[in-house]
Amino acid sequence: MNEDNNKQKDKNNYNIYYLIAAIVLLLAILVVAVFMISQSKSKDENTIAYTDLIKQVDENNIEKVEMKVGSTTVKVKIKGEEKEKTAIVPSTQAFVELIQDKKLQGNQIELIQKERSVFVTIFDYLFSLLPTILIVILFVFLLKMQGLGDKGKVYDAETTKSKIKFDDVAGLDEEKSEMIEIVDFLKNPKKFYEMGAKIPRGVLLCGKPGTGKTLIAKAIAGEANVPFISMSGSEFIEMFAGLGASRVRKLFEKAKKIAPCIIFIDEIDAIGSRRTSGSGAETENNQTLNQLLVEMDGFDTEETIIVLAATNRPEMLDKALLRPGRFDRQINIALPDMHGREEILKIHAKDKKLEDDVDLKDIAGDTAGFSGAELANILNEAAIIATIKRHEKITQDDIENAIKKVTVGLERQSRVISDKDKKLTAFHEAGHAIVSSQLETQKDIKEVSIIPRGIAGGYTMYKTNEDKYYISKTEMEEKLVALLGGRAAEKIALNDISTGASNDIEVATQIAKDMITKYGMSDNLGPISIDTEKDPYELQLLGEKFGDAVGAEIKIMLDNSYLKAQTILANNMDKLNKLAGVLIEKEVISAEEFQEVIK
Ligand code: ADP
Ligand code: ZN
């Protein structure tokens, strides 16, 4: 983890250097520009137009003419004037002849013709080029800052010696025990070869972001004490066509040089999505994927390289990737359960100062559905909150605040809320809470608040004590009703609706969609799964009528839920009004206070 930080720092440093360089350049250009403008200005006062010059010559007013060979700029001294003036002449030759004519006519004109020094010529030339040079340099810097220059470094995939061990990975005991054989193999490949054993060359780690896929890959490298080469799938396909495949080649070349080692490809779905016969970006993608397949097939039996790849969407991958000899082993990494969360919290609490009464088990109970990365983040946020509040150590309260900050956003004390908004939010949240209290699966309310956090004007928080592996249809249906309770309350109590419910409605619509197209929970359509993201033609296959039916089902489900929420509120108007009143007064109420109000 420290290595990551350092890398990040390095990157930040680079960016700062580029920024400073760019600013210096900009200033330089500015200075040059100002200089040139001032030059042209001072010229203005002391210049004389060519026509005027000719006139002065005609009127015999010229005392002295000074010119340089090869330059069209001439200096003239006009009778009765203090300063010399400069003029640009279209043709020096013609001008010299004109002056010499005048001299022949008997005018006293001093004509000086100077040789130009080579130095001055070169300087003039360079000076005229300066702005162009500066602009080119600035352009290059800008490109670098945009990361185009950086990509050169990516050719050299990141190689690190990982110090992370299995002990740094909490939970995931089964996964770790599966990985032990890979560690063994990396440490002592000969033993396996002699036995005639085949070790998987490619392992696919599947799981949501932040579940520790990278961490476990690093831990394998750390345990086996081999280098860890990592690259992200998206890096292969960025920017230039045809580069992806060559990057894959270089990556494996490098790995072969330093084997035994681990190659880690993050977001492999970026290159490994199903091959298509399309054009442009897709063909590019196909080339990269083909190269990856070639490289994995081309492993010598003696080469001790293990390729680990991470993805959140294994179903998107091209089947060819999953064939024997390639990524033929899949390890699913689930979100941590209650015990896993406690273990993860313990690991990340190690390097932090915690108050003795902090109960990590309790925190684990409050964070169902959180990933390892989110849990790590919460403890970090808690440390920041504790520092700002000048606590000696991190308190339970700090951690709970951190959870709220991460889930609903930061409390915004500074925002001034109008009474009208406050009333609206109070009825909206009260609506969620009262509707929830009448639904068996939703009634465990932890806190109701109308203090704005993040983008939310208020929130109703539920207790999440147990880890559920399955969610029932009833629960999902009731969740829909609870979500729409906010909008229903606005309508019933204030006879007006607001934009405050937009997120509720978005979430509700997603749930309804999932129920019907993912979990087969519609009575009408039966158990069927339609994933148009996976296969855009799936709905076409099922026919237009079926598509219409799906849409109708989703709509009916949402309409019914909204109606149900309105009905519940209509039957509990007194509670709704009472709770909204308490919220306007107190702004936040706890579970106990809530029970008190609705008793
Ligand atoms: P992924 O690669 O799955 O997106 P990462 O491995 O990058 O997730 O996890 C990000 C961070 O989250 C890790 O660096 C670590 O701090 C923390 N983390 C995730 N899972 C665990 C775990 N099981 N044990 C300890 N820390 C974890
Ligand atoms: Zn709401």
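Quick notes on the rules
Residues numbered from 1 in each chain as written. Chains lettered and ligands numbered in written order. Predicted model: local features only at pLDDT ≥ 70, side-chain atom pairs only at ≥ 80, totals over all residues. Heavy atoms only, no water. Donors = N, O, S within 2.8 Å, 3.2 Å for Na, K, Ca; no water. Helix = DSSP H or I, 4+ residues; strand = E, 2+ residues; numbered from the N terminus. Buried < 20%, exposed > 50% of the residue type's maximum accessible area, 1.4 Å probe, protein only. Near = heavy atom within 4 Å. Polar contact = N/O pair within 3.5 Å; in protein donor to acceptor, adjacent residues only side chain to side chain. Areas by Shrake-Rupley, 256 points an atom, 1.4 Å probe, with all protein chains shown as cover. Nonpolar A, V, L, I, M, F, W, Y, C, P; charged D, E, K, R; others polar. Domains from an automatic or database assignment. Pairing = 2+ DSSP bridges. Axes fitted to C-alpha atoms, helices over the stretch in contact; angles between N-to-C directions. Salt bridge = Lys/Arg side-chain N within 4 Å of Asp/Glu carboxyl O.

### Description of the coordination of the zinc ion (ligand 2)
Within the protein, the atoms that donate to the zinc ion (ligand 2) are His428 (NE2), His432 (NE2) and Asp504 (OD), at distances of 2.0 to 2.1 Å. Within one chain, the residues donating to the zinc ion (ligand 2) are spaced in sequence as H-x3-H-x71-D. Of the two residues, His432 is situated in helix α17 (residues 419–437) and Asp504 in helix α19 (residues 502–517); the sequence distance between them amounts to 72 residues. When its relative accessible area of 7% is taken as the criterion, His432 is described as buried.

### Description of the site of ligand 1
Close to ligand 1 lie 17 residues; Gly210, Lys213, Thr214, Leu215 and His348 are nearest. Backbone polar atom of Gly212 to an oxygen atom of ligand 1: 3.1 Å apart, as the coordinates give it. Here an oxygen atom of ligand 1 sits 2.8 Å away from a polar atom, N or O, in the side chain of Lys213. Protein contact buries 83% of the 560 Å² of open area that ligand 1 shows by itself. For the shell around ligand 1, the secondary-structure elements that each account for two or more residues are α8 (213–224), α13 (338–349) and α15 (372–388). Element by element, the count of residues in the shell around ligand 1 is highest for α8, at three residues. A class-by-class count of the residues in the shell around ligand 1 yields eight nonpolar, six polar and three charged. Both domain 3 (157–333) and domain 4 (338–407) contribute no fewer than three residues apiece to the shell around ligand 1.

### Quick look at the sheet that holds strand β2 (residues 73–78)
The mixed open sheet is built from four strands, whose spatial order is β3-β2-β1-β4. Since the sheet does not close on itself, it has two edges, and those belong to β3 (85–88) and β4 (110–114), each with one partner. Adjacent strand axes in the sheet meet at a mean angle of 20°, parallel and antiparallel pairs treated alike. Relative to β4, strand β1 (residues 62–68) runs parallel, the two being bridged by five bridges. Paired with Met67 across the bridge in β4 is Gln113.

### Considering the pattern of salt bridges
The tally for this structure, following the rule as stated, stands at 20 salt bridges. Taking the shortest distance from any N to any O, the salt bridge between Arg313 and Asp269 comes out at 3.5 Å. One end of the pair, Arg313, is in the loop between β9 (305–311) and β10 (329–332); the other, Asp269, is in helix α11 (residues 269–272), with 44 residues separating them in the sequence. Its relative accessible area of 30% is what places Arg313 among the partly exposed residues. Among the residues examined, Asp269 registers a relative accessible area of 13% and is labelled buried. Lys346 is the partner of Glu342 in a salt bridge, and the nearest nitrogen-oxygen pair spans 3.9 Å. Placement of the pair is Glu342 and Lys346 together in helix α13, with a separation of four residues, close to one helical turn. Classification of Lys346 by relative accessible area gives partly exposed; the value is 41%. Overlapping salt bridges bring together Glu178, Glu181 and Arg329 as one network.

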